[in-house]
Structure formats: C-alpha cells, structure tokens
Amino acid sequence: MARLLIDQSPSLQGTVRISGSKNSVLPILAASLLAEGKSCIEEIPKLQDVWIMQELLESLGATTHWEQNMITVRSDELTQYEAPYELVRQMRASFLVMGPLLARLGRTRIPLPGGCAIGSRPVDLHLKGFSALGAEVTQERGYVQAKADQLKGARIYLDFPSVGATENIMMAAVLAEGQTTIENAAVEPEVVDLANYLNAMGALVRGAGTDTIKITGVSTLTGTNYSVIPDRIEAGTFMVAAAMTHGDVYLENVVSSHLKPIIAKLRESNIQVIETENGLRVCSKEPIYAADIKTLPYPGFPTDMQAPLMSLMSIAQGTCVITETIFENRFMHVGELKRMGADIKIEGRSAVINGVPSLTGTQVRATDLRAGAALILCGLIAEGTTEIQDMYHIERGYEDIEMKLRNLGASIQKIEI
C-alpha cells in the first residue's frame, strides 16, 4: 500500500500541465457504449477510476485499447447488460453505464454504486428519469433493474440539479423515440462536455450548460474522435498549492471560465491570479486573508474544492466560515487537519476556521479523494514531515500528483509498503 511523505517545501515555482477531466472522462467512456464503430477519446488521465471504467466496459462486451493519453473503444456488440458488483462497488460513476445500456439493449441490471464515503448520494433522480422515459424500474437485493422495449421522449424535472442524473438521463434519451426535455438540469462544464461528445457521435442535444436540455432521439450513433476538457478541480488544487507556498506557478491546459468561483475566492484572499490565453499564473505573497465559502452547484463554488480551500483558510489571517450544502458528510478531513494544528470547529454543515501561523507534520489518513488533496497541501507548508496513509483515494482523481509537485520544487515522495 502506497503512502506519501512530504517535507516542508520551498515556494513552488514553474509550470504544470493540467490533465483531462476525470469527471468528464468517466461519463464519456460510459457514453461510448451507445455507439457503433470506433471512438478515440483523447486527454485521458491515468487514474484508478479510469482503469475501473475501462474494465467495466470490457466486462460488458466492449473492446478497449489504451495508448499514452488516448483510449479507443468499440461497442458494436455488447454481450452483457449486467455490470459486475466487484467493479461498481469501487466507484460511483460506474452507475453511469445504466443509461447507455438501457438505450442500446433495452434492459440493464446494476448494483447500487460505491465510491467515496462523503455522504448520501441517492440514485432516485436517475431512476425517476428512466421511469419517465418509459422504463420499468425495480430494486431488489442491492440491485437496480430497468427494462423497456422502446424508450419514449418525456419532460423530466429534476428536484435537484444532479450532475450524474442529468448525464445518465441524457445518455438514455439520445436513442429514445421523440423529444426529451430535462428541466432543472445540471449546468456543469462536464455535462456540456458529454453533450458535445454525444453530438459528435450523431446525437441531437441542445441546451447543455443551461438548466433546460432538449434531446431529439435518433436511431443510431457512430464512433468519433474527441478530446476531453481539462480538469478544473486538479487546476484548482494546484492553484491553492501555489498560494499556500507563496509560490509562482503557471498552469497550462486550463479553461479560465470553468474556474471563476475559485479565482474569485483566491483573489479575495489576496492571491494574484493572472489569466492568459492558454493558462493561468498564480502568484502569492504575504499576507493571505480569510474568506467565507459556501459550496453550491455550478457556477457556484465547487464542493470538490471545499477541502483544498479549507487547507488554505487554515493558515489565512482571520476567521472564516465554510458551509457545505452539497454533501452532508464532507468534513471528514477536519479531524486530520486538526492533528496538524489547524483550528477548526464544526457547527452542523459549517466549519468555523481560525487561521494559525503554522502547521506541524504528522501521520494522517486520506479519508476520501479531495480530503487527501487537502492533506497534501497542508503537508507542503507544515513544519517537519507529513505522512499520508490510504493514498489510493488520492490516486483515484489526481494523475501523477507527486511527480507534478516535485517538478515545481516540492519535497514529496511516494513509498510502497
């Protein structure tokens, strides 16, 4: 089992290239099940979650080939409609194959999904959408089953703008008969990326990026070539790393418009963020000021950046409040940050943070993906050595993070135990 050892590091300096978006790659790979012919998907990050999705596609009868940062997928003949429990339990995004399988094969059986234990993330909205499209949906013994001779277009209102539900319903609807309208849809860049990929395969999806998406069903889709958007959460994490170490870092392969709430909070904290045509430069000098944060669906502040920003606020001057509105159990990293000397108090869904002058390295545990990123950030500026256990969480969402940080001057190494 791998661990990370981090010593207090100098100011990070240099250039880092941001990888393709994990949260785009996974639904796009699932969507490749809809197409006949070959799809070539580029900017694929080498992540544990991507390997799981690749294995899941192959278990369903697709053929895949991974070369450098590109995966080729052929799904001409799907042989299975049931996803294996041992794969789905490892990653919640596995549930995204349900919509494509239902659309292509007319039936599917999926175990209830796993993933990071950051709170209740029910699949009710996914199932509500499938039912509205005419599928017969049942649940028993930890599995969800859906059947439909022919999906029919429908008007679907989501009680919450769920990214996963929006994506799953959209993928099912592209082969449905007639028009489907998804109201109160998620507007995240990853939803737009999926819609662009579906349209490149021949789908008719309009309105992605707004709260109303309209899909006109088509009879077939064909494989295509597509390049995934950059990962805005990885970009935000490196922006915070530059800020916390009082560094000067240039980020390549980013879309600044996807990072507006992060840029705004860093600037509010006295961090200089310079936008260029192809990237961002983050420069940080004393002092760093505390700033209140409230997570919200896009274009609000992303819940995936809540833990990394809490690391920054732990050493900022003043007191701030971070309120988590998306997941009820996403403060599990607080106990680990407090072990390093952070002054944080939980009050319901809010955390009150009093900035401290310094943190101290110690043994800590990554309780989930973004919590692990927060601990790395604290380790960069903590006095002494920080040892992060359960690194597998971090590897689910950050490609070669220790190498990228080391290239910027961080004192970090991965050790196998």
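See above for the structure.
Since we're looking at a predicted model, the values are computed, not measured. (Residues numbered from 1 in each chain as written. Predicted model: local features only at pLDDT ≥ 70, side-chain atom pairs only at ≥ 80, totals over all residues. Heavy atoms only, no water.)

Before going further, it helps to spend a moment on the overall build of the protein chain. Counting its secondary structure elements, the protein chain contains 14 helices and 25 strands. The C-alpha atoms of the protein chain give 21 Å as radius of gyration, which agrees with the globular expectation for 417 residues (22 Å, within 12%). Over its C-alpha atoms, taken along the principal directions, the protein chain stretches across nearly 65 × 45 × 40 Å. Carbon and sulfur atoms make up 45% of the accessible area of the protein chain, which totals about 15900 Å². (Helix = DSSP H or I, 4+ residues; strand = E, 2+ residues; numbered from the N terminus. Rg over C-alpha atoms; globule rule 2.2 N^0.38 Å. Areas by Shrake-Rupley, 256 points an atom, 1.4 Å probe, with all protein chains shown as cover.)

In space, the four strands of this open sheet follow the order E23-E24-E1-E25, with mixed pairing throughout. The strands lining the two open edges of the sheet, one partner per strand, are strand E23 (363-365) and strand E25 (411-416). Going from strand to strand, the sheet's axes swing by 25 degrees on average, the running direction of each strand aside. Note: E23 against strand E24 (residues 385-389), three bridges, orientation parallel. Along E24, the bridge assignment pairs Val 364 with Ile 388. Its contacts with the sheet place helix H12 (residues 369-381) against strand E1 (2-7), E23, E24 and E25, and it is angled at close to 30 degrees to E1. (Pairing = 2+ DSSP bridges. Axes fitted to C-alpha atoms, helices over the stretch in contact; angles between N-to-C directions. Contact = heavy atoms within 4.5 Å.)

The next subject is the environment of Asp 159. Following the sequence through the fold, Asp 159 ends up in the loop between strand E10 (155-157) and helix H6 (163-173). Residue Asp 159 is classed as exposed on the basis of its relative accessible area, which comes to 57%. Once the C-alpha coordinates of Asp 159 and Glu 183 are considered, the two residues, 24 residues apart in sequence, prove to be 9.1 Å apart. Beyond its immediate stretch of four places on either side in the chain, Asp 159 contacts Leu 125, Lys 128 and Asn 184. (Buried < 20%, exposed > 50% of the residue type's maximum accessible area, 1.4 Å probe, protein only.)

Our next topic: the sheet that holds strand E18 (residues 279-284). With mixed pairing, four strands are arranged side by side in an open sheet as E2-E16-E18-E17. Each having just a single partner strand, strand E2 (13-17) and strand E17 (271-275) make up the two edges of the open sheet. Across the sheet, the axes of successive neighbouring strands diverge by a mean angle of 15 degrees, strand direction being ignored. With five bridges connecting them, strand E16 (residues 248-252) and E18 associate as antiparallel partners. Paired with Glu 252 across the two strands is Gly 279, which belongs to E18. Contacting E2, E16, E17 and E18, helix H8 (residues 232-244) runs over the sheet at an angle of about 25 degrees to E18.

Alignment of strand E4 (residues 38-42) against strand E6 (residues 70-74), held across five bridges, turns out to be antiparallel. Residue pairing in the sheet places Ile 41 in a bridge with Ile 71 of E6. Sheet topology places strand E5 (residues 63-67) next to E6; five bridges connect them, and they run antiparallel. When the sheet's bridge partners are listed, Thr 63 is paired in E6 with Arg 74. The turn linking E5 back onto E6 is made up of two residues, and Gln 68 within it adopts a positive phi angle of 55 degrees.

Here we take up the pairing of strand E13 (residues 212-216). Residues of E13 alternate between two faces, with Ile 213 and Ile 215 buried on one and Thr 212, Lys 214 and Thr 216 left unburied on the opposite face. In this structure, strand E11 (residues 179-183) lies alongside E13, joined through five bridges in antiparallel fashion. Paired with Gln 179 across the bridge in E13 is Thr 216. Examined bridge by bridge, strand E12 (residues 204-206) and E13 share three bridges and lie antiparallel to one another. Residue pairing for E13: Leu 204 is matched across the bridge by Thr 216. A loop of five residues connects E12 with E13, the two strands running antiparallel in sequence, and Gly 207 in this loop sits at a positive phi of about 95 degrees.

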